[in-house]
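# Structural characterization, general
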Amino acid sequence: MEEFRRAYSRLCKESGAEPQETVLQQLHQLAQGRLDLATQSLTVDTCRALGKLLPKETLLTELVLSDCMLSEEGATLLLQGLCVNTVVRFLDLKGNNLRAAGAEALAKLLRQNKSIQSLTLEWNNLGTWEEAFSAFCGALSANGALRQLDLRNNQITHKGAEELALALKSNASLQQLDLRWNHIGLLGGRALVNCLPSNRTLWKLELAGNNIPGDILRAVEQAMDHNQDRQTAFRESQARAHVLSKEVRHLREEKSKQFLDLMETIDRQREEMARSSKASAARVGQLQEALNERHSIINALKAKLQMAEAALALSEQKAQDLGELLATTEQEQRSLVQRQAKEHRLEQQEAAERESKLLRDLSAANEKNLLLRNQVDELERKVKSQQEQLFLTRQELTNTTAELKMRAVQAEERLELEKKRSRQNLEDAEQLRFKEVEHMTRHLEDSERAMQERVQRLEATRMSLEEELSRAKAAALSERSQAEEELIKAKNQVRLEEQRLAHLEEKLRLLARARDEAQSACLQQKQTVADAQTRASQLGLQVEGLRRRLEELQQELSSKDQEKVAEVTRVRLELQEQNGRLQAELTAQEALKEKVAALERQLKVISSDHREALLDRDSENASLREKLRLKEAEIARIRDEEAQRASFLQNAVLAYVQGSPLRTLSPQK
């Protein structure tokens, strides 16, 4: 790491910039295989120097660059250096505000780098630029080394989630993906749920804080649990296969050892036979009785060999019976598959009928809603046209509001009845499906138990055959020891009876012939033993074939279970969507009800305002009448006063005229 530090300072000086002291301190305190530059504001020159050093570094496995305030140019330089690196396994770029250029550089890194297994990109802005993020997702789909990816708080929308879903469909290495605190929403959640059945490696997907409905989150959790179970089953199967391969190797080694031991014993017997033939060529005068005993022993061995052949024939017959049983089981499984297909078709037909019923109900509800909306529109027009004549149309408005209330109550009752019916139908369908699944699982468990019992029986027969072979070997060894003891006795007898050799030359010829026959019998016995071993190996191969067939059947059953789970989830999602539509319609009807209530409130407010205006006008009319009355009284008083004044003036004029001297001069009328 000291060389790395020196190279960094040298490259900085060559580029005309001073090396950063904080980076030098971190390089000085560098742990084994880990470079931590978190919270260090790295300049472009530092990023350029590190980008030139990273392709040649062979000891660095972890690189932490979180909260380094990297610029777009610095991030691209660092990521270009990592494209050729084959050692770094962990890369942390948290909180660096990476944007379009950073996303494109990351896409290039994922396409070229084959060693990074964990990538942390929390607190960036990769999802803001759709084209750059789509390029990043395309590179992720082609990557085959990344195991863990952290994309929290990256402003990812539903379109970015759709691109990620397309990438996950073709990606076969990613196991953990964190998408918390983004803007994925309902559409993005659906896209991710639709891509999960084609991805079998992802077993952890975090989607909290994305405004995704709970049903989609539950579907994601079910898919993740299914992938986890699949991976655990795959690991267990690998472990079992490893253990079985070890057992097979051990058995082969043991069989080879036994075969070598048998060959060694046969070689020893041959050597001993050669020695005995050489020793007895001169001293085999009185071995006729021993040869007779050997003939009896050989006959006994022949009888035992016949018994072994009979046992082998029985084992072959048992193997044939097992083959027939396997054929019957295969036929039963085919019939089960056909039944399942028929039941699946029936379920699909029932689902289609239910969907048609629900669609008809929805169309009826929509028609009712349209009627209600038309009525509301007519009422609004009536309200607008008859605002001037509210006093005359109060009774009509009360009647129409009562009718609307009655219709709304009837619509609510019908909707509640339809809800209850749909819920009851859904509960019945789910109960039937759960019962069918339980029945199928029980039947499969019974078949698996039966197959396991059959395998155990086959293993027991194999063990019995191996025990019989071991017994035959032990009997052969005991007979060999007895023959050796008899040879010793015969040698002692030959030493005592060397004088009778001349009389038994013809008997020697006969004994030589008997010896040849015994050797041929031994060869035949060896051949029978070899045949028995080959038959045992064939039985072992048959057992292995049966095991493989069982594993294939288990895989088929697991695939069928997966298909059933996928279909159940799909039906649940469809039912949930239908429920969502019904709820949306209910919300629309509630909105219409709220509009009607608002209109009623407006009518009440208008009527109250009109009443208040009428009362004000009445009070104004009363006050005006009072004023008119007062004014009329004043006018009458003024008239009276004027009349009085006029009368006074008239009287005064008359009095003046009567008292004046002109009256005498005036002519008479």
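Below is a summary of the structure that appears in this document. Every value quoted in this text rests on a predicted model; they were computed, and no experiment measured them.

For the rest of this paragraph, the subject is the overall build of the protein chain. Helices and strands together make up the secondary structure of the protein chain, namely 13 helices and 7 strands. Structurally, the protein chain occupies a C-alpha span of about 235 × 80 × 30 Å along its principal axes. Within the span of the protein chain, comprising 669 residues, buried residues form 30% of the whole. Intrachain contacts of the protein chain at a sequence separation of at least 6 include 85% that bridge at least 24 residues. Per element, the accessible surface of the protein chain, about 43600 Å² overall, is 52% carbon and sulfur.

On to the packing of helix H1 (residues 2-14) against helix H3 (residues 44-53). Look at H1 against H3: their axes get within 9 Å of each other, and the N-to-C directions meet at 130°. With respect to each other, H1 and H3 are oriented oblique. The element H1 and its partner H3 pack so that their crossing is right-handed. Residues Phe4, Ala7, Tyr8, Leu11 and Cys12 of H1 form the contact with H3, whose own contacting residues are Thr46, Ala49, Leu50, Lys52 and Leu53. Considering only residue class, the contact of H1 with H3 consists of 8 nonpolar, 1 polar and 1 charged.

Judged by side-chain polarity, Phe259, Leu260 and Met263 come together as a nonpolar surface patch covering roughly 280 Å² of accessible area. Tracing the chain through its elements places methionine 263 in helix H9 (residues 214-283). Classification of methionine 263 as partly exposed rests on a relative accessible area of 35%.

Now for a positive patch on the surface. A surface patch of like charges, here positive, comprises Lys246, Arg249, Arg252 and Lys255. Here lysine 255 shows up in helix H9. Exposure remark for lysine 255: the relative accessible area of 41% places this residue in the partly exposed category.

Before going further, it helps to examine the side chain of arginine 152. Along the polypeptide, arginine 152 turns up in the loop between strand E5 (148-150) and helix H7 (158-170). Separated by 3.4 Å, the side chains of arginine 152 and aspartate 178 make a polar contact. Discounting residues that sit within four places of it in the chain, arginine 152 has contacts with Leu121, Glu122, Trp123, Asp178, Arg180 and Asn182.

Turning our attention to the side chain of asparagine 171. With respect to the helices, strands and loops of the structure, asparagine 171 is situated in the loop between H7 and strand E6 (176-178). A polar side-chain atom of asparagine 171 sits 2.7 Å from the main-chain carbonyl oxygen of leucine 140. There is a polar contact of 2.9 Å between the side chain of asparagine 171 and the backbone nitrogen of serine 173. Setting aside its immediate chain neighbours within four residues, asparagine 171 contacts Leu140, Ser141, Asn143, Asn199 and Thr201.

Take the pattern of salt bridges next. Within this structure, the stated rule accounts for 15 salt bridges. Of the charged contacts, one joins arginine 48 and aspartate 45 as a salt bridge, the two residues approaching to 3.0 Å between their closest N and O atoms. With a gap of 3 residues between them, arginine 48 and aspartate 45 both fall in helix H3, about one helical turn apart. Its relative accessible area of 27% is what places aspartate 45 among the partly exposed residues. Glutamate 574 is paired through a salt bridge with arginine 570; the nearest N and O atoms lie 3.0 Å apart. Here arginine 570 and glutamate 574 lie together in helix H12 (residues 505-659), a separation of 4 residues that amounts to about one turn. With relative accessibility at 39%, the residue arginine 570 sits in the partly exposed group. Several salt bridges share partner residues, and in doing so they unite Glu122, Asp150, Arg152, Asp178 and Arg180 into one network.

Together, Glu104, Glu130, Glu131, Glu162 and Glu163 give the surface a local cluster of negative charge. Tracing the backbone through its elements, the reader meets glutamate 131 in helix H6 (residues 130-142).

Right, let's get into the packing of helix H5 (residues 100-112) against H6. Any two packed helices are characterised by how steeply their axes cross, that is the angle between the axes, and by the distance between the axes. Viewed as axis vectors pointing N to C, H5 and H6 meet at an angle of 15°, and their least axial separation amounts to 8 Å. In terms of axis orientation, H5 runs roughly parallel to H6. The element H5 and its partner H6 pack so that their crossing is left-handed. Facing Ala100, Ala103, Glu104, Leu106, Ala107, Leu110 and Arg111 of H5, the residues of H6 in contact are Ala132, Phe133, Ala135, Phe136, Gly138, Ala139, Leu140 and Ala142. Classifying every residue of the contact of H5 with H6 by side-chain character gives 12 nonpolar, 1 polar and 2 charged.

What counts, and at which threshold
Residues numbered from 1 in each chain as written. Predicted model: local features only at pLDDT ≥ 70, side-chain atom pairs only at ≥ 80, totals over all residues. Heavy atoms only, no water. Helix = DSSP H or I, 4+ residues; strand = E, 2+ residues; numbered from the N terminus. Buried < 20%, exposed > 50% of the residue type's maximum accessible area, 1.4 Å probe, protein only. Contact = heavy atoms within 4.5 Å. Areas by Shrake-Rupley, 256 points an atom, 1.4 Å probe, with all protein chains shown as cover. Axes fitted to C-alpha atoms, helices over the stretch in contact; angles between N-to-C directions. Parallel < 35°, antiparallel > 145°, perpendicular 65-115°, else oblique. Left-handed = near helix turned anticlockwise from the far one by under 90°. Nonpolar A, V, L, I, M, F, W, Y, C, P; charged D, E, K, R; others polar. Patch = residues over 30% accessible without salt bridge, like charges linked within 9 Å, V, L, I, M, F, W, Y side chains within 5 Å. Salt bridge = Lys/Arg side-chain N within 4 Å of Asp/Glu carboxyl O. Lys, Arg positive; Asp, Glu negative; His and termini not counted. Charge placed at Lys NZ, Arg CZ, Asp CG, Glu CD. Polar contact = N/O pair within 3.5 Å; in protein donor to acceptor, adjacent residues only side chain to side chain.

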